[in-house]
Amino acid sequence: MQTLTPNADIFHAKRRRFTCNTQTSTLIPTKPLSVSPARKTNKEHLRNLENVLRTSSNSINNVENVTSRQEKTTKNTSTSSLLGGLNLARIWPQMKAAVDEMSPKNLKRLQRLLSKSSEERSPKSKLGSKWRELHGLNNWAGLLDPLDENLRRELVRYGEFVQAAYHAFHSDPEGSPRHVALPDGSFKVTKSLYATSSVRLPKWIDDVAPDLRWMTKQTSWVGYVAVCDDPREIRRMGRREIVIALRGTATLLEWSENFRPNLVSMPEPKPDQSDPTRPKVECGFNSLYTTGSQYAPSLAESLVGEISRLVDLYAGEELSISVTGHSLGAAIALLAADDIAERVPHAPPVAVFSFGGPRVGNREFADRLDSKGVKVLRVVNSQDVVTKVPGIFSDNDKQGQHRNNGRSPGGIMEMVERNNPWAYSHVGAELRVDMKMSPYLKPNADVACCHDLEAYLHLVDGFLASNCPFRANAKRSLRKLLDEQRSNVKVLYTGKSLRLNRTFHDNGDVLPSPSSS
């Protein structure tokens, strides 16, 4: 066998080409022939081979990682361009709001608000001497915007007194309700009130529709007088309160009185009935308040007589009179407050809390109420058209300018206002709510919903301030609102209520307000 002798020149040439050193040269696992006097063992070669494999694996992994990052970057770039095309920044608030509405927390809260058996109320606090401020001592300065919590609770309570009048009337529209289910058990009803229309309808109308005879009755039950009879509640409120609650329009004759918008003079010891400076009120409202019949005395006589009796009965006690009403009841409430302050001897403080009330009289009538110390707080929904009538011209926006700037009453505008038979003016302070602030009601709710009393109480319960969103911790149940205004509630919530086993057609003891029909 021929023995091969290594060619040293060839070997040295390769060494010069790779320029490897003994520490890193692991390319030749065999023993070098005459490269170095050092001898490498098999263990060293195996270790060198392991290093080579590890290094190769790391290189491959690095390449894969770079490739993966490049692919992810490419995907992210394409995804970003796709999302950018969708313009999610614009629709994200709506998406986030929808997600929040479907959260378990909100669903649980909605279930509580829709509960038929658990009516949650805002907690009552001890009013003490503060009741005079809540009753309008300072014309509710600093209490309306933002809305004072105690005043909010009082307003909702007054509205519920009016709802009780609506429900009692519908329980027996042809006669006198046997029972008025008051929302506050500490009060008792002392007097039923009736209003009579001076309008006469042909008798054949009753023959045509005998089932609707109550709609054409000349005299109808319109409200009640109630007084607090619970010593504990009297201590909490700081006085014994007398409440007069008046419902809104329900009968055909009452509607006919609403459409008599001409101003008529109020009874005063002045001989000249044509004097333009006389206080004047709407003809139809005045007719309902002052007209009597063979079935009942006039509302004015009944009311003044009952309030005089109660004032004498509780002589020596701290008393207050709160007159509350909705729609037509709000208008009559102003006439009643004026009459009580004028004719009841030693009358206690009188305040009016009205919901959705129309204009009632001219500026002189407003001045007359103010001069008698009658305090008026009107709750107004910006979308309610009833609060903007009657009258084709109103000095409401200008009367403050006339008074504050000290203009002479002999100006042209002043003369036009005084001689205009439809120059109406609003009275007292105003709490303005807005249907669009409610997260539950449609912003384009119909006219009936904007005037509905339950919608008013819903808006008051959720009102914080004019520049704040709807109160997140509102206590009032949505049950009545859904029963009466289902078509005006957002579909999102009507769907949820169905999933929460709500039954809209089962109204129980809840009767719809006539103003919402």
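For every chain, the first residue of the written sequence is number 1, and numbering continues from 1 along that sequence. Given that the model is predicted, a residue must reach a pLDDT of at least 70 before its local features are reported, and side-chain atom pairs must reach 80 or more before they are shown or counted; all residues, however, enter totals for whole chains, interfaces and linings. For side-chain calculations, the full set of non-hydrogen atoms in the structure is used, while hydrogens and water are omitted.

Under an unreviewed UniProt entry, the name given to the protein is Alpha/Beta hydrolase fold, and the organism recorded is Arabidopsis suecica. Listed under Sequence similarities (unreviewed entry) in UniProt, the entry text for the protein is "Belongs to the AB hydrolase superfamily. Lipase family." UniProt positions are given in the numbering used here, feature names are shortened, and annotations may be inferred rather than shown by experiment.

A. Focus on the overall build of the protein. A tally of helices and strands in the protein yields 19 helices and 11 strands. Relative to its 517 residues, the protein shows a buried fraction of 44%. Contacts in the protein between residues far apart in sequence, at least 24 positions, make up 77% of those at least 6 positions apart. Total accessible area computed for the protein in this model is approximately 27,800 Å², and 55% of it derives from carbon and sulfur atoms. Runs of H or I in DSSP of at least four residues are treated as helices and runs of E of at least two as strands, each being numbered from the N terminus. The classification of residues rests on relative accessible area computed with a 1.4 Å probe and restricted to protein chains. Under 20% of the type maximum is buried, over 50% is exposed, and intermediate values are partly exposed. Whether two residues are in contact is decided by their heavy atoms, any of which lying within 4.5 Å being enough. All accessible-area figures derive from a Shrake-Rupley calculation using a 1.4 Å probe, and residue coverage is judged against the displayed protein chains alone.

B. Structural detail: unusual backbone geometry. With an omega dihedral of 10 degrees, the bond running from Asp-145 to Pro-146 counts as a cis peptide bond. Considering the arrangement of structural elements, one finds Pro-146 in the loop between helix H5 (131–134) and helix H6 (149–171). Cis geometry marks the peptide bond from Val-389 to Pro-390, where omega comes out at -5 degrees. Tracing the chain through its elements places Pro-390 in the loop between strand E8 (375–381) and strand E9 (393–394). Phi is positive for Ser-327, which is not a glycine, with a value near 60 degrees. With respect to the element layout, Ser-327 can be found in the loop between strand E6 (319–326) and helix H12 (328–343).

C. Structural detail: the nonpolar core. Residues Leu-151, Tyr-224 and Leu-377 are the most contacted members of the largest nonpolar core, which totals 58 residues. Sequence-distant contacts of Leu-151, defined by excluding residues within four places in its chain, comprise Leu-134, Trp-140, Leu-143, Leu-144 and Leu-377. Side-chain atoms within 4.5 Å link the members of a nonpolar core, which is a set of buried Ala, Val, Leu, Ile, Met, Phe, Trp, Tyr and Cys residues.

D. Spotlight on the sheet that holds strand E2 (residues 219–228). Two strands form a pair only when DSSP identifies at least two bridges running between them. If you walk across this open sheet you meet the 7 strands as E1-E2-E3-E6-E7-E8-E11, and the pairing is mixed. A strand with exactly one partner marks an edge of an open sheet, and here the two such strands are strand E1 (187–196) and strand E11 (429–433). Shown here is a sheet whose adjacent strand axes are inclined to one another by a mean of 20 degrees, direction ignored. Here strand E7 (residues 350–355) runs beside E8; their pairing, made up of 5 bridges, is parallel. Note on E8: the bridge partner recorded for Ser-354 is Arg-378. Under this scheme, a helix contributes an axis fitted over its contacting stretch, all axes are lines through C-alpha atoms, and angles between N-to-C directions fall in the 0 to 180 degree range.

E. Fine view of the packing of aromatic side chains. Two rings from Phe, Tyr or Trp (for Trp, the six-membered ring) form a pair when their centres are within 6.5 Å of each other. A pair whose planes differ by under 30 degrees is stacked, one over 60 is edge-to-face, and the rest are tilted. Counting across every chain of the model gives 5 aromatic pairs. Ring geometry for Phe-161 and Phe-187: centres 5.1 Å apart, planes at 70 degrees, overall edge-to-face. Of this pair, Phe-161 sits in helix H6 while Phe-187 is found in strand E1, placing the two residues 26 residues apart along the sequence. For Phe-161, a relative accessible area of 0% corresponds to the buried category. Assessed through its relative accessible area of 6%, Phe-187 is described here as buried.

F. Spatial organisation of the packing of H6 against helix H17 (residues 453–462). Relative to each other, H6 and H17 sit at 170 degrees, their axes nearing to 10 Å. In terms of orientation, H6 lies roughly antiparallel with respect to H17. Seen from H6, the contacting residues are Arg-152, Leu-155, Val-156, Gly-159, Glu-160, Val-162, Gln-163 and Tyr-166; seen from H17, they are Leu-453, Glu-454, Leu-457, Val-460 and Asp-461. Charged residues are taken to be Asp, Glu, Lys and Arg, nonpolar residues to be Ala, Val, Leu, Ile, Met, Phe, Trp, Tyr, Cys and Pro, and polar residues to be all remaining types, Gly included. Here the contact of H6 with H17 is built from residues that sort into 7 nonpolar, 2 polar and 4 charged. Should an angle lie under 35 degrees it is considered roughly parallel, over 145 roughly antiparallel, and from 65 to 115 roughly perpendicular; all remaining angles are considered oblique.

G. Broad picture of the side chain of Ser-197. Topologically, Ser-197 is positioned in the loop between E1 and helix H7 (204–208). Given a relative accessible area of 1%, Ser-197 falls into the buried group. Side-chain atoms alone can form a polar contact between residues adjacent in sequence; in general such a contact is a pair of N or O atoms within 3.5 Å, and within protein one must be able to donate a hydrogen while the other accepts it. At 2.8 Å, the side chain of Ser-197 and the side chain of Glu-257 are in polar contact. Ignoring any residue separated from it by four or fewer positions in sequence, one finds Ser-197 in contact with Gln-218, Leu-253, Glu-257, Leu-288 and Thr-291.

H. Local environment of the environment of Gly-292. Note on placement: Gly-292 falls in the loop between helix H10 (283–290) and helix H11 (299–313). In this structure the C-alpha to C-alpha distance between Gly-292 and Tyr-194, which are 98 residues apart in sequence, comes to 9.0 Å.

I. Up close: the state of the cysteines. In this description, the term disulfide denotes a pair of cysteine sulfurs within 2.5 Å. Taken as a whole, this structure holds 0 disulfides when the rule is applied. Free cysteine Cys-450: the closest other cysteine sulfur is in Cys-449, separated by 5.8 Å.

J. Spotlight on the confidence of the model for the protein. On a range of 0 to 100, pLDDT expresses the predictor's confidence in each residue. Here the protein shows a mean pLDDT of 77. Residues at 70 or above account for 61%. Confidence drops under a pLDDT of 50 for residues 396–409, and excluding neighbours within four residues, the segment shows 17 contacts in the predicted structure. In this model, residues 501–517 is a region of pLDDT below 50 whose contacts with residues beyond four sequence positions or in other chains number 41 contacts.

K. Region of interest: helix H13 (residues 363–371). Among the residues making up H13, those that are buried are Arg-363, Glu-364, Phe-365, Ala-366, Arg-368 and Leu-369. Count one or two residues on from H13 and you reach Gly-373, which has phi positive near 80 degrees.

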